[in-house]
Amino acid sequence: MQNTKLLLTSFTFVGLLALAGCSFPGVYKIDIQQGNVVTQDMIDQLRPGMTRRQVRFIMGNPLLTDTFHADRWDYLYSLQPGGGERQQERISVIFDANDQLVSLSGDFMPGVSRDEAIMGQDSGTTVTDPTQNAEQPKPEKPVKPGSLLDQIQKDVDNVETVPVPTPEPLDTSPQ
């Protein structure tokens, strides 16, 4: 009787410990992020004809650079909220033989961002070909004499350039 009671108590205690190790309500589970964070704003900055360096400046280093497809960079991003379903986004950037951006493929496309699509606002972002004529800059209005901008321009115009001194070598004797 004593052994049975002790055995039953120990099994109950072990069972409660096993349940505590499982998904117990109130236990915090972390969000798991992997890969490159890619936003719609980054995609909107890409233009056909950009070099690899310009794309790397905007997007960051690619997660995958395939040996067999040297003209393609892949950016992957996955997020798994604590206890939730895993979400994954992918974009491939493709270059031509001259190392210039040719096309994009994947979950992001140039245009309206997801936030703006949800909220119903248009960003006014359009994708144009760089071979088209660039907009001519608007002529600047002349500043009023005596204004702050006029004073700043006068200060900039009156700046003297000073050459940077070059240090002399320490040992001048030939060896």
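Please read these numbers as outputs of a predicted model, since none were measured by experiment.

Any pair of aromatic rings gets described here by the distance separating the centres and the angle formed by the planes. Scanning the entire structure with this criterion turns up one aromatic pair. The cationic tip of arginine 52 hangs over the ring face of phenylalanine 95; the distance from NZ or CZ to the ring centre is 4.5 Å.

This part takes up the confidence of the model for the protein. Averaged over all residues, the pLDDT of the protein is 77; the fraction at 70 or higher stands at 72%. When mean pLDDT is taken per element in the protein, helix α3 (residues 52-59) scores highest with 91 and helix α4 (residues 114-119) scores lowest with 58.

Our focus in this paragraph is unusual backbone geometry. Trans peptide bonds make up most of the peptide bonds, and negative phi angles are found at most residues other than glycine. Despite not being glycine, aspartate 99 shows a phi value in the positive range, around 60 degrees. Given a relative accessible area of 35%, aspartate 99 falls into the partly exposed group.

Three- or four-residue spacings in an α-helix give side chains the same orientation, since the helix completes a turn every 3.6 residues. By the burial criterion, the buried members of α3 are Arg52, Val55, Ile58 and Met59. Within α3, the buried residues cover an arc of 130 degrees as seen down the axis, which keeps them to one side. Facing away from the buried surface of α3 by more than 90 degrees, the exposed residues are Arg53 and Phe57. Elements in contact with the buried residues of α3: α2 (40-45), β3 (72-80), β4 (87-95) and β5 (101-106).

Okay, the nonpolar core next. Membership of the largest hydrophobic core comes to 16 residues, with the highest contact counts inside it found for Leu46, Val55 and Met59. Mapped by element, the contributors of at least two residues to this core are α2, α3, β3, β4 and β5. Filtering out sequence-adjacent residues up to four positions away, methionine 59 remains in contact with Val38, Met42, Ile43, Leu46, Tyr75 and Ile91.

Turning next to the environment of methionine 42. Mapped onto the secondary structure, methionine 42 falls in helix α2. For methionine 42, a relative accessible area of 19% gives the class buried. Taking C-alpha positions, methionine 42 is 6.4 Å from methionine 59, a pair spaced 17 residues apart along the chain. The contacts of methionine 42, once residues within four sequence positions are left out, are Val37, Ile58 and Met59.

Criteria and thresholds
Residues numbered from 1 in each chain as written. Predicted model: local features only at pLDDT ≥ 70, side-chain atom pairs only at ≥ 80, totals over all residues. Heavy atoms only, no water. Phe/Tyr/Trp six-rings, centres within 6.5 Å; stacked < 30°, edge-to-face > 60°. Lys NZ or Arg CZ within 6 Å of the ring centre and 35° of its normal. pLDDT = per-residue confidence, 0-100. Helix = DSSP H or I, 4+ residues; strand = E, 2+ residues; numbered from the N terminus. Buried < 20%, exposed > 50% of the residue type's maximum accessible area, 1.4 Å probe, protein only. Arc of directions from axis to C-beta. Contact = heavy atoms within 4.5 Å. Core = buried A, V, L, I, M, F, W, Y, C linked by side-chain atoms within 4.5 Å.

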